[in-house]
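What follows is each chain in one-letter form.
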Amino acid sequence: MSEEVRGLAERYGYRPYMVSRYLEILKDFREVEEMLRAFEKRLRPVVRCNTLKLPNCQELTERLARLGFLLRNIEWCSEAYEVVKEPEKPSLGSTHEYLTGLYYLYRGKASLIPPITLEPTKEDDVVDLAAAPGGKTTHMAQIMRNEGLIVALEPNKERIKILRNNVERLGVKNTVLIKLDGREVSKVFKNTFTKALLDAPCTGEGIIMIDPARKTKTSLEDLVRHHEKQKELLRNALDSLKSGGRILYTTCSIAPEENELVLSEVLKERDDVDVVSLEAPVRLAPPVMDYYGIHVDDRVRRCGRTYPHIHEMEGFFICLMKLK
Ligand code: SAM
(Lines give C-alpha, C1' and ligand atoms only; values in the text may rest on other atoms or scores of the structure.)
Protein backbone atom coordinates (compact mmCIF):
# COMPACT_ATOMS: atom_id res chain seq x y z
CA MET A 1 0.00 0.00 0.00
CA SER A 2 1.42 3.40 -0.96
CA GLU A 3 2.20 6.13 1.56
CA GLU A 4 -0.28 8.35 -0.32
CA VAL A 5 -3.14 5.91 0.32
CA ARG A 6 -2.15 5.46 3.95
CA GLY A 7 -2.05 9.26 4.40
CA LEU A 8 -5.51 9.68 2.85
CA ALA A 9 -6.96 6.95 5.07
CA GLU A 10 -5.50 8.63 8.14
CA ARG A 11 -6.70 12.09 7.12
CA TYR A 12 -10.31 10.97 6.64
CA GLY A 13 -10.31 8.37 9.45
CA TYR A 14 -10.73 5.15 7.40
CA ARG A 15 -9.16 1.72 7.73
CA PRO A 16 -6.33 1.82 5.16
CA TYR A 17 -7.49 -1.35 3.34
CA MET A 18 -10.73 0.45 2.46
CA VAL A 19 -9.08 3.42 0.78
CA SER A 20 -6.67 1.12 -1.00
CA ARG A 21 -9.70 -0.64 -2.55
CA TYR A 22 -11.26 2.70 -3.54
CA LEU A 23 -8.21 3.35 -5.67
CA GLU A 24 -8.69 -0.06 -7.32
CA ILE A 25 -12.37 0.80 -7.94
CA LEU A 26 -11.96 4.33 -9.29
CA LYS A 27 -8.38 3.98 -10.66
CA ASP A 28 -7.76 7.67 -9.96
CA PHE A 29 -6.32 9.07 -6.76
CA ARG A 30 -7.91 12.50 -7.14
CA GLU A 31 -11.33 10.96 -7.64
CA VAL A 32 -10.87 8.81 -4.51
CA GLU A 33 -10.27 11.97 -2.50
CA GLU A 34 -13.32 13.62 -4.10
CA MET A 35 -15.40 10.64 -3.00
CA LEU A 36 -14.03 10.75 0.55
CA ARG A 37 -14.81 14.46 0.69
CA ALA A 38 -18.36 13.77 -0.51
CA PHE A 39 -18.77 11.17 2.25
CA GLU A 40 -18.13 14.00 4.75
CA LYS A 41 -21.18 15.96 3.53
CA ARG A 42 -24.56 15.51 5.13
CA LEU A 43 -27.40 14.36 2.84
CA ARG A 44 -30.75 16.07 2.76
CA PRO A 45 -33.55 13.90 4.15
CA VAL A 46 -36.11 12.73 1.60
CA VAL A 47 -39.85 12.43 1.95
CA ARG A 48 -41.94 10.12 -0.28
CA CYS A 49 -45.54 11.23 -0.40
CA ASN A 50 -47.69 8.14 0.21
CA THR A 51 -50.20 8.25 -2.63
CA LEU A 52 -51.99 5.23 -1.12
CA LYS A 53 -53.31 7.62 1.52
CA LEU A 54 -52.92 11.02 -0.12
CA PRO A 55 -53.38 11.10 -3.91
CA ASN A 56 -52.64 14.82 -4.09
CA CYS A 57 -49.00 15.33 -3.03
CA GLN A 58 -49.30 19.11 -3.22
CA GLU A 59 -51.49 18.87 -0.14
CA LEU A 60 -48.55 17.27 1.71
CA THR A 61 -46.05 19.93 0.65
CA GLU A 62 -48.50 22.65 1.72
CA ARG A 63 -49.21 21.03 5.08
CA LEU A 64 -45.49 20.58 5.78
CA ALA A 65 -44.77 24.14 4.60
CA ARG A 66 -47.22 25.39 7.23
CA LEU A 67 -45.05 23.61 9.83
CA GLY A 68 -41.90 25.30 8.47
CA PHE A 69 -40.54 22.58 6.13
CA LEU A 70 -39.39 23.51 2.65
CA LEU A 71 -39.56 20.61 0.18
CA ARG A 72 -38.02 20.46 -3.28
CA ASN A 73 -39.36 17.94 -5.77
CA ILE A 74 -36.90 15.28 -7.00
CA GLU A 75 -37.12 15.65 -10.76
CA TRP A 76 -37.00 11.88 -11.49
CA CYS A 77 -39.59 10.83 -8.87
CA SER A 78 -42.72 12.97 -8.90
CA GLU A 79 -43.88 11.85 -5.44
CA ALA A 80 -40.57 12.41 -3.64
CA TYR A 81 -39.00 15.56 -2.19
CA GLU A 82 -35.71 16.61 -0.69
CA VAL A 83 -36.17 18.52 2.54
CA VAL A 84 -34.18 21.71 2.07
CA LYS A 85 -35.28 23.49 5.25
CA GLU A 86 -36.54 22.14 8.57
CA PRO A 87 -37.89 23.99 11.59
CA GLU A 88 -36.40 23.36 15.02
CA LYS A 89 -39.59 21.52 15.92
CA PRO A 90 -41.34 19.25 15.03
CA SER A 91 -38.89 16.70 13.65
CA LEU A 92 -39.77 14.96 10.37
CA GLY A 93 -40.45 11.73 12.25
CA SER A 94 -42.91 13.25 14.71
CA THR A 95 -45.38 15.27 12.64
CA HIS A 96 -49.05 14.34 12.53
CA GLU A 97 -48.59 13.77 8.77
CA TYR A 98 -45.79 11.26 9.41
CA LEU A 99 -47.61 9.42 12.19
CA THR A 100 -50.75 9.07 10.06
CA GLY A 101 -48.75 7.63 7.17
CA LEU A 102 -48.90 10.46 4.66
CA TYR A 103 -45.19 10.04 3.92
CA TYR A 104 -42.19 7.74 4.28
CA LEU A 105 -38.93 9.25 5.43
CA TYR A 106 -35.51 8.35 3.93
CA ARG A 107 -32.03 9.50 4.87
CA GLY A 108 -31.08 9.87 1.18
CA LYS A 109 -32.66 9.54 -2.24
CA ALA A 110 -30.83 6.48 -3.64
CA SER A 111 -33.36 4.11 -1.97
CA LEU A 112 -36.01 5.34 -4.41
CA ILE A 113 -34.15 3.92 -7.42
CA PRO A 114 -34.57 0.12 -6.93
CA PRO A 115 -38.42 -0.01 -6.75
CA ILE A 116 -38.75 2.38 -9.71
CA THR A 117 -36.29 0.30 -11.74
CA LEU A 118 -37.94 -3.05 -10.92
CA GLU A 119 -41.33 -1.63 -12.04
CA PRO A 120 -43.68 -4.00 -10.20
CA THR A 121 -47.30 -3.91 -11.44
CA LYS A 122 -50.65 -5.19 -10.21
CA GLU A 123 -50.10 -8.30 -12.35
CA ASP A 124 -47.03 -9.25 -10.28
CA ASP A 125 -46.37 -11.56 -7.37
CA VAL A 126 -43.28 -9.98 -5.80
CA VAL A 127 -40.93 -11.29 -3.14
CA ASP A 128 -38.88 -8.79 -1.13
CA LEU A 129 -36.16 -10.91 0.46
CA ALA A 130 -34.73 -8.46 3.00
CA ALA A 131 -37.56 -6.10 3.69
CA ALA A 132 -37.19 -4.23 7.02
CA PRO A 133 -37.68 -1.39 7.76
CA GLY A 134 -39.84 -1.36 4.64
CA GLY A 135 -38.90 1.66 2.55
CA LYS A 136 -38.76 -0.36 -0.63
CA THR A 137 -41.65 -2.70 0.24
CA THR A 138 -44.00 0.22 0.85
CA HIS A 139 -42.73 2.05 -2.24
CA MET A 140 -43.43 -1.03 -4.38
CA ALA A 141 -46.93 -1.30 -2.85
CA GLN A 142 -47.46 2.34 -3.84
CA ILE A 143 -46.26 1.72 -7.41
CA MET A 144 -48.60 -1.33 -7.56
CA ARG A 145 -51.48 0.80 -6.21
CA ASN A 146 -52.00 -1.72 -3.42
CA GLU A 147 -52.84 -4.46 -5.93
CA GLY A 148 -51.02 -7.67 -6.87
CA LEU A 149 -49.03 -9.36 -4.10
CA ILE A 150 -45.83 -8.66 -2.16
CA VAL A 151 -44.34 -11.29 0.12
CA ALA A 152 -41.93 -9.43 2.41
CA LEU A 153 -39.35 -11.49 4.30
CA GLU A 154 -37.32 -10.45 7.31
CA PRO A 155 -35.65 -12.85 9.78
CA ASN A 156 -34.91 -10.33 12.54
CA LYS A 157 -37.64 -10.26 15.21
CA GLU A 158 -37.15 -6.63 16.20
CA ARG A 159 -36.83 -5.40 12.64
CA ILE A 160 -39.97 -7.20 11.46
CA LYS A 161 -41.92 -5.20 14.08
CA ILE A 162 -40.65 -1.97 12.52
CA LEU A 163 -41.58 -3.31 9.10
CA ARG A 164 -45.08 -4.15 10.31
CA ASN A 165 -45.51 -0.68 11.81
CA ASN A 166 -44.49 0.96 8.55
CA VAL A 167 -46.72 -1.27 6.43
CA GLU A 168 -49.69 -0.52 8.71
CA ARG A 169 -48.91 3.18 9.06
CA LEU A 170 -48.78 3.63 5.29
CA GLY A 171 -52.01 1.69 4.66
CA VAL A 172 -50.32 -1.05 2.60
CA LYS A 173 -52.80 -3.87 1.94
CA ASN A 174 -51.19 -6.05 -0.73
CA THR A 175 -48.29 -7.28 1.42
CA VAL A 176 -47.82 -10.40 3.52
CA LEU A 177 -45.00 -10.34 6.09
CA ILE A 178 -43.14 -13.55 6.88
CA LYS A 179 -40.37 -14.02 9.42
CA LEU A 180 -37.99 -16.04 7.28
CA ASP A 181 -34.32 -16.13 6.38
CA GLY A 182 -34.06 -15.27 2.70
CA ARG A 183 -31.67 -18.20 2.28
CA GLU A 184 -34.67 -20.48 2.88
CA VAL A 185 -37.07 -18.83 0.44
CA SER A 186 -36.74 -21.26 -2.44
CA LYS A 187 -37.48 -24.20 -0.12
CA VAL A 188 -40.86 -22.67 0.67
CA PHE A 189 -41.56 -20.82 -2.58
CA LYS A 190 -39.89 -22.54 -5.53
CA ASN A 191 -40.54 -21.03 -9.01
CA THR A 192 -43.31 -18.88 -7.54
CA PHE A 193 -42.73 -15.17 -8.09
CA THR A 194 -42.76 -12.95 -11.17
CA LYS A 195 -40.46 -10.37 -9.54
CA ALA A 196 -37.95 -10.30 -6.69
CA LEU A 197 -36.19 -7.51 -4.86
CA LEU A 198 -32.99 -8.41 -3.05
CA ASP A 199 -31.81 -5.37 -1.09
CA ALA A 200 -29.08 -7.46 0.45
CA PRO A 201 -27.76 -7.00 3.98
CA CYS A 202 -24.34 -5.40 3.51
CA THR A 203 -21.51 -3.48 5.15
CA GLY A 204 -23.08 -0.13 4.25
CA GLU A 205 -19.88 1.11 2.61
CA GLY A 206 -22.02 3.48 0.52
CA ILE A 207 -23.72 5.25 3.44
CA ILE A 208 -20.70 6.50 5.35
CA MET A 209 -22.14 10.04 5.28
CA ILE A 210 -25.12 8.70 7.26
CA ASP A 211 -23.11 6.44 9.58
CA PRO A 212 -19.44 7.51 9.82
CA ALA A 213 -18.74 4.58 12.19
CA ARG A 214 -18.60 2.48 9.03
CA LYS A 215 -15.19 4.03 8.24
CA THR A 216 -13.66 1.63 10.75
CA LYS A 217 -16.32 -0.94 11.62
CA THR A 218 -15.86 -3.53 8.87
CA SER A 219 -12.97 -5.98 8.86
CA LEU A 220 -11.96 -7.98 5.80
CA GLU A 221 -13.47 -11.05 7.52
CA ASP A 222 -16.83 -9.24 7.80
CA LEU A 223 -16.64 -8.44 4.12
CA VAL A 224 -16.08 -12.10 3.25
CA ARG A 225 -18.99 -13.12 5.49
CA HIS A 226 -21.31 -10.67 3.76
CA HIS A 227 -20.11 -11.84 0.34
CA GLU A 228 -20.95 -15.49 1.12
CA LYS A 229 -24.36 -14.61 2.54
CA GLN A 230 -25.21 -12.37 -0.42
CA LYS A 231 -24.42 -15.18 -2.89
CA GLU A 232 -26.64 -17.59 -0.95
CA LEU A 233 -29.47 -15.03 -0.89
CA LEU A 234 -29.12 -14.40 -4.62
CA ARG A 235 -29.17 -18.12 -5.49
CA ASN A 236 -32.32 -18.49 -3.44
CA ALA A 237 -33.96 -15.43 -4.92
CA LEU A 238 -33.32 -16.75 -8.44
CA ASP A 239 -34.77 -20.16 -7.56
CA SER A 240 -37.92 -18.55 -6.15
CA LEU A 241 -38.68 -16.93 -9.52
CA LYS A 242 -40.89 -18.30 -12.27
CA SER A 243 -39.38 -18.63 -15.72
CA GLY A 244 -39.31 -15.12 -17.25
CA GLY A 245 -39.26 -13.51 -13.81
CA ARG A 246 -37.11 -10.50 -12.97
CA ILE A 247 -34.93 -9.78 -9.98
CA LEU A 248 -33.33 -6.57 -8.86
CA TYR A 249 -30.18 -6.96 -6.75
CA THR A 250 -29.10 -3.89 -4.85
CA THR A 251 -26.91 -2.86 -1.90
CA CYS A 252 -26.03 0.40 -0.17
CA SER A 253 -22.38 -0.49 -0.60
CA ILE A 254 -19.69 0.48 -3.08
CA ALA A 255 -17.68 -2.68 -2.33
CA PRO A 256 -17.19 -4.87 -5.45
CA GLU A 257 -16.97 -7.84 -3.02
CA GLU A 258 -20.67 -7.28 -2.22
CA ASN A 259 -21.78 -6.41 -5.72
CA GLU A 260 -20.01 -7.26 -8.99
CA LEU A 261 -18.15 -10.22 -7.46
CA VAL A 262 -21.36 -11.65 -5.95
CA LEU A 263 -23.14 -11.38 -9.29
CA SER A 264 -20.17 -12.66 -11.25
CA GLU A 265 -19.74 -15.80 -9.14
CA VAL A 266 -23.45 -16.66 -9.11
CA LEU A 267 -23.90 -15.93 -12.83
CA LYS A 268 -20.95 -18.16 -13.69
CA GLU A 269 -22.82 -21.06 -12.02
CA ARG A 270 -25.82 -20.68 -14.28
CA ASP A 271 -26.72 -20.04 -17.89
CA ASP A 272 -30.42 -19.42 -17.26
CA VAL A 273 -29.94 -15.79 -16.14
CA ASP A 274 -29.54 -12.68 -18.27
CA VAL A 275 -28.65 -9.24 -16.99
CA VAL A 276 -31.13 -6.70 -18.35
CA SER A 277 -29.99 -3.25 -19.50
CA LEU A 278 -31.06 -0.79 -16.87
CA GLU A 279 -33.63 1.88 -17.43
CA ALA A 280 -32.96 3.57 -14.12
CA PRO A 281 -34.40 7.03 -13.41
CA VAL A 282 -30.87 8.47 -13.03
CA ARG A 283 -27.82 8.00 -15.22
CA LEU A 284 -25.75 5.40 -13.40
CA ALA A 285 -21.98 5.03 -13.28
CA PRO A 286 -20.52 1.83 -14.77
CA PRO A 287 -19.81 -1.27 -12.69
CA VAL A 288 -16.31 -2.42 -11.72
CA MET A 289 -15.32 -5.04 -14.30
CA ASP A 290 -11.68 -5.60 -13.32
CA TYR A 291 -10.73 -5.82 -9.69
CA TYR A 292 -7.32 -6.89 -8.40
CA GLY A 293 -6.83 -9.05 -11.48
CA ILE A 294 -10.30 -10.64 -11.30
CA HIS A 295 -12.27 -10.28 -14.52
CA VAL A 296 -15.96 -10.02 -13.72
CA ASP A 297 -18.54 -11.99 -15.80
CA ASP A 298 -19.29 -9.94 -18.88
CA ARG A 299 -23.06 -9.90 -18.21
CA VAL A 300 -22.40 -7.67 -15.15
CA ARG A 301 -21.43 -4.84 -17.53
CA ARG A 302 -25.13 -3.91 -17.68
CA CYS A 303 -25.38 -3.21 -13.93
CA GLY A 304 -24.81 0.27 -12.49
CA ARG A 305 -23.67 2.29 -9.50
CA THR A 306 -24.31 5.57 -7.76
CA TYR A 307 -21.54 7.52 -6.01
CA PRO A 308 -21.80 10.41 -3.56
CA HIS A 309 -19.35 12.62 -5.49
CA ILE A 310 -21.15 12.06 -8.81
CA HIS A 311 -24.81 11.69 -7.90
CA GLU A 312 -24.97 13.59 -4.58
CA MET A 313 -26.57 10.57 -2.95
CA GLU A 314 -25.57 7.36 -1.17
CA GLY A 315 -23.30 4.88 -2.92
CA PHE A 316 -25.56 2.11 -4.27
CA PHE A 317 -25.20 -0.82 -6.64
CA ILE A 318 -28.13 -1.84 -8.85
CA CYS A 319 -28.51 -4.80 -11.14
CA LEU A 320 -31.62 -6.12 -12.93
CA MET A 321 -31.67 -9.75 -14.04
CA LYS A 322 -34.10 -11.98 -15.88
CA LEU A 323 -34.58 -15.72 -15.52
CA LYS A 324 -34.87 -17.39 -18.96
N1 SAM B 1 -35.10 -3.23 1.98
C2 SAM B 1 -35.08 -2.51 3.24
C3 SAM B 1 -35.69 -1.15 3.04
O4 SAM B 1 -35.73 -0.64 1.91
O5 SAM B 1 -36.18 -0.57 4.02
C6 SAM B 1 -33.68 -2.42 3.81
C7 SAM B 1 -33.03 -3.76 3.95
S8 SAM B 1 -31.53 -3.73 4.86
C9 SAM B 1 -30.40 -3.21 3.65
C10 SAM B 1 -31.17 -5.43 4.98
C11 SAM B 1 -32.12 -6.24 5.83
O12 SAM B 1 -31.80 -7.62 5.64
C13 SAM B 1 -32.05 -6.01 7.33
O14 SAM B 1 -33.32 -5.70 7.83
C15 SAM B 1 -31.57 -7.35 7.90
O16 SAM B 1 -32.16 -7.67 9.17
C17 SAM B 1 -32.06 -8.30 6.83
N18 SAM B 1 -31.36 -9.61 6.77
C19 SAM B 1 -30.19 -9.98 7.34
N20 SAM B 1 -29.93 -11.26 7.06
C21 SAM B 1 -30.94 -11.71 6.29
C22 SAM B 1 -31.26 -12.95 5.70
N23 SAM B 1 -30.45 -14.00 5.84
N24 SAM B 1 -32.40 -13.06 4.98
C25 SAM B 1 -33.21 -11.99 4.82
N26 SAM B 1 -32.98 -10.79 5.36
C27 SAM B 1 -31.86 -10.65 6.09
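Draft legend 1. Focus on the pattern of salt bridges. Going through the model one piece at a time under the given rule, you end up with 28 salt bridges. Arg-21 is the partner of Glu-257 in a salt bridge, and the nearest nitrogen-oxygen pair spans 3.0 Å. Highlighted residues: Glu-257 in the loop between strand S9 (241-251) and helix H11 (260-269) and Arg-21 in helix H2 (residues 16-26), separated in sequence by 236 residues. Given the relative accessible area of 14%, Glu-257 is considered buried. Where Arg-235 meets Glu-232, a salt bridge forms, and the shortest distance between an N and an O atom there is 2.7 Å. Of the two residues, Arg-235 and Glu-232 both sit in helix H10 (residues 220-239), 3 residues apart, roughly one turn of that helix. A relative accessible area of 32% means that Glu-232 is categorised as partly exposed.

Draft legend 2. Representation of the sheet that holds strand S3 (residues 77-85) within the structure. Read across the sheet, 4 strands follow the order S2-S3-S1-S4 without closing on themselves; strand pairing throughout is antiparallel. Only two strands of the sheet have a single partner each, and these edge strands are strand S2 (70-74) and strand S4 (103-106). Taking the axes of each pair of neighbouring strands and ignoring which way they run, one obtains an average angle of 30° across the sheet. Bridge analysis of S2 against S3 gives 5 bridges, and the strand direction is antiparallel. Residue pairing in the sheet places Asn-73 in a bridge with Tyr-81 of S3.

Draft legend 3. Layout of the pairing of strand S14 (residues 316-323). Counting buried positions over the 8 residues of S14 gives 7, a clear majority of the element. Looking at chain direction, S9 and S14 are connected through 6 bridges and run antiparallel. Residue pairing for S14: Arg-246 is matched across the bridge by Lys-322. Relative to S14, strand S10 (residues 273-276) runs antiparallel, the two being bridged by 4 bridges. Residue pairing for S14: Asp-274 is matched across the bridge by Lys-322. Examined bridge by bridge, strand S13 (residues 304-306) and S14 share 3 bridges and lie antiparallel to one another. By the bridge assignment for S14, Arg-305 is matched with Phe-317.

Draft legend 4. Representation of the site of the ligand within the structure. Within the structure, the ligand sits among 20 residues, and Glu-154, Arg-159, Gly-182, Asp-199 and Lys-229 are positioned closest to it. The contact in question runs from an oxygen atom of the ligand to an N or O atom on the side chain of Glu-154, over 2.7 Å. Asp-199 places a polar side-chain atom, nitrogen or oxygen, 2.7 Å from a nitrogen atom of the ligand. Protein chains bury 87% of the 610 Å² of accessible surface belonging to the ligand in isolation. Elements with a minimum of two residues in the shell around the ligand: helix H7 (135-143) and H10. Of the residues in the shell around the ligand, the class split is 9 nonpolar, 4 polar and 7 charged.

The rules behind each value
- Residues numbered from 1 in each chain as written.
- Predicted model: local features only at pLDDT ≥ 70, side-chain atom pairs only at ≥ 80, totals over all residues.
- Heavy atoms only, no water.
- Salt bridge = Lys/Arg side-chain N within 4 Å of Asp/Glu carboxyl O.
- Helix = DSSP H or I, 4+ residues; strand = E, 2+ residues; numbered from the N terminus.
- Buried < 20%, exposed > 50% of the residue type's maximum accessible area, 1.4 Å probe, protein only.
- Pairing = 2+ DSSP bridges.
- Axes fitted to C-alpha atoms, helices over the stretch in contact; angles between N-to-C directions.
- Near = heavy atom within 4 Å.
- Polar contact = N/O pair within 3.5 Å; in protein donor to acceptor, adjacent residues only side chain to side chain.
- Areas by Shrake-Rupley, 256 points an atom, 1.4 Å probe, with all protein chains shown as cover.
- Nonpolar A, V, L, I, M, F, W, Y, C, P; charged D, E, K, R; others polar.

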